[in-house]
Amino acid sequence: MNYGHFATPQGEMFVLFDEESVHGIYFDGQKYLPDFSLHQALNNHPLLDAVKPQLLAYFSGQSDCFDFPLAVRGTPFQQAVWQALREIPCGETCSYMDVAIKVGNPRGVRAVAQAIGHNPWSVVIPCHRVIGTSGKLTGYAGGINRKAWLLEREGVNIPA
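Residues numbered from 1 in each chain as written. Predicted model: local features only at pLDDT ≥ 70, side-chain atom pairs only at ≥ 80, totals over all residues. Heavy atoms only, no water.

As recorded in an unreviewed UniProt entry, the chain goes by the name Methylated-DNA--protein-cysteine methyltransferase, listed as coming from Hafnia paralvei. Among the UniProt annotations of the chain, the heading Sequence similarities (unreviewed entry) holds the following wording: "Belongs to the MGMT family." (UniProt positions renumbered as here; feature names shortened; annotations may be inferred.)

Rendered as structure tokens:
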């Protein structure tokens with residue numbers, strides 16, 4: 001497995017990838033950050049060359065689309081949650097309960113929150129669009145300040 005990194009307006013981002021797909025995109029210092037010393041640093045690769053400009057276009061407000069391959073691996077439940085996240089339109093939010101209902105487990109809000117917290121594709125699988133039922137910002141593996149910034153970048157009005 002390889003990794004590359006580059007600067008964004010919200011700090012350094014790390015991309016974990018193989019020859020075919022992206023296995024994770026992480027903010028520096030976020031929770032559940034893999035041990036990159038176990039992987040090869042490679043900042044010049046065609047897949048990374050596809051990922052980096054798309055993420056930078058997102059951060060600059062020029063695009064909300066990503067079209068590089070993801071290696072989506074996880075339990076069937078995690079995969080269902082992550083797919084539900086991908087269906088949240090840019091500029092919109094939903095609650096953890098909304099996601100739990102969408103995946104057919106309305107009593108599983110905590111399990112949904114855990115799956116969301118372990119989403120390895122920051123920004124691309126938009127876990128930052130999930131907020132508390134009250135409308136307030138709640139946990140984000142990349143940090144609440146980044147979550148607020150991402151939502152503001154997407155035009156979401158954040159309650160005070």
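Okay, back to it.
Engineer: Is there a simple way to think about the sheet that holds strand 1 (residues 2-8) in this case?
Structural biologist: Sheet architecture is open: 4 strands sit in the order 3-2-1-4, paired in mixed fashion. Because the sheet does not close on itself, it has two edges, and the strands there are strand 3 (22-27) and strand 4 (40-41). Pairing geometry for strand 1 and strand 4, over 2 bridges, is parallel. Along strand 4, the bridge assignment pairs Tyr 3 with Ala 41. Of the strands in this sheet, strand 1, strand 2 (11-17) and strand 3 are in contact with helix 1 (residues 46-59), which crosses strand 1 at around 25°. (Pairing = 2+ DSSP bridges. Helix = DSSP H or I, 4+ residues; strand = E, 2+ residues; numbered from the N terminus. Contact = heavy atoms within 4.5 Å. Axes fitted to C-alpha atoms, helices over the stretch in contact; angles between N-to-C directions.)

Engineer: Is there a simple way to think about the domain arrangement of the chain in this case?
Structural biologist: It is common to report an interface's size as the accessible area lost on association of the parts. Examined at the domain level, the chain breaks down into domain 1 (1-58) and domain 2 (74-152). Centre-to-centre, using C-alpha coordinates, domain 1 lies 21 Å away from domain 2. Summed over both sides, the interface between domain 1 and domain 2 buries roughly 1400 Å², with carbon and sulfur atoms accounting for 60% of that surface. By the criterion of area lost to domain 2, the three top residues of domain 1 are Gln 10, Phe 27 and Tyr 58, representing 44% of everything that side buries. Looking at the side of domain 1 that touches domain 2, the elements with two or more residues in it are strand 2, strand 3 and helix 1. (Domains from an automatic or database assignment. Buried area = accessible area lost by both parts, 1.4 Å probe.)

Engineer: What am I meant to see in the packing of helix 1 against helix 5 (residues 144-153) here?
Structural biologist: Any two packed helices are characterised by the angle at which their axes cross and by the distance between the axes. Remark: helix 1 packs on helix 5, axes separated minimally by 10 Å, with the N-to-C direction vectors making an angle of 80°. In terms of orientation, helix 1 lies roughly perpendicular with respect to helix 5. Packed against helix 1, whose contacting residues are Ala 57, Tyr 58 and Phe 59, the element helix 5 presents Trp 149, Leu 150 and Arg 153 at the interface. Within the contact of helix 1 with helix 5, the residues separate by chemical class into 5 nonpolar, no polar and 1 charged. (Parallel < 35°, antiparallel > 145°, perpendicular 65-115°, else oblique. Nonpolar A, V, L, I, M, F, W, Y, C, P; charged D, E, K, R; others polar.)

Engineer: Help me understand unusual backbone geometry, please; the structure alone is not making it clear to me.
Structural biologist: Of all residues except glycine, most have a negative phi; of all peptide bonds, most are trans. A positive phi angle is found at Tyr 32, which is not glycine, with a value near 65°. Among the structural elements, Tyr 32 can be located in the loop between strand 3 and strand 4. The exposure class assigned to Tyr 32 is partly exposed, which follows from its relative accessible area of 48%. For Val 123, which is not a glycine, the phi torsion comes out positive at approximately 75°. Relative to the helices and strands, Val 123 is located in the loop between helix 4 (109-117) and strand 6 (130-131). A relative accessible area of 1% places Val 123 in the buried class. (Buried < 20%, exposed > 50% of the residue type's maximum accessible area, 1.4 Å probe, protein only.)

Engineer: Is there a simple way to explain the environment of Gln 62 in this structure?
Structural biologist: Its location among the elements puts Gln 62 in the loop between helix 1 and helix 2 (76-86). On the accessibility criterion, Gln 62 (66% relative accessible area) is exposed. Those residues within four positions of Gln 62 in sequence are excluded, and the remaining contacts are Ala 57 and Arg 153. Polar side-chain contacts of Gln 62 include one of 3.4 Å to the side chain of Ser 60. (Polar contact = N/O pair within 3.5 Å; in protein donor to acceptor, adjacent residues only side chain to side chain.)

Engineer: Would you take a moment to explain the nonpolar core for this structure?
Structural biologist: Note that soluble globular proteins tend to have their nonpolar side chains buried in a common cluster. Membership of the largest hydrophobic core comes to 35 residues, with the highest contact counts inside it found for Val 22, Ile 25 and Leu 85. Of all the elements, helix 1 adds the most residues to this core, at 6 residues. In terms of domain composition, this core takes at least three residues from each of domain 1 (1-58) and domain 2 (74-152). Filtering out sequence-adjacent residues up to four positions away, Leu 85 remains in contact with Val 99, Ile 116, Asn 119, Ile 125, Pro 126, Cys 127 and Val 130. In terms of nonpolar packing, the next biggest core, distinct from the first, is built from 5 residues, Tyr 3, Phe 14, Leu 16 and Phe 36 among them. (Core = buried A, V, L, I, M, F, W, Y, C linked by side-chain atoms within 4.5 Å.)

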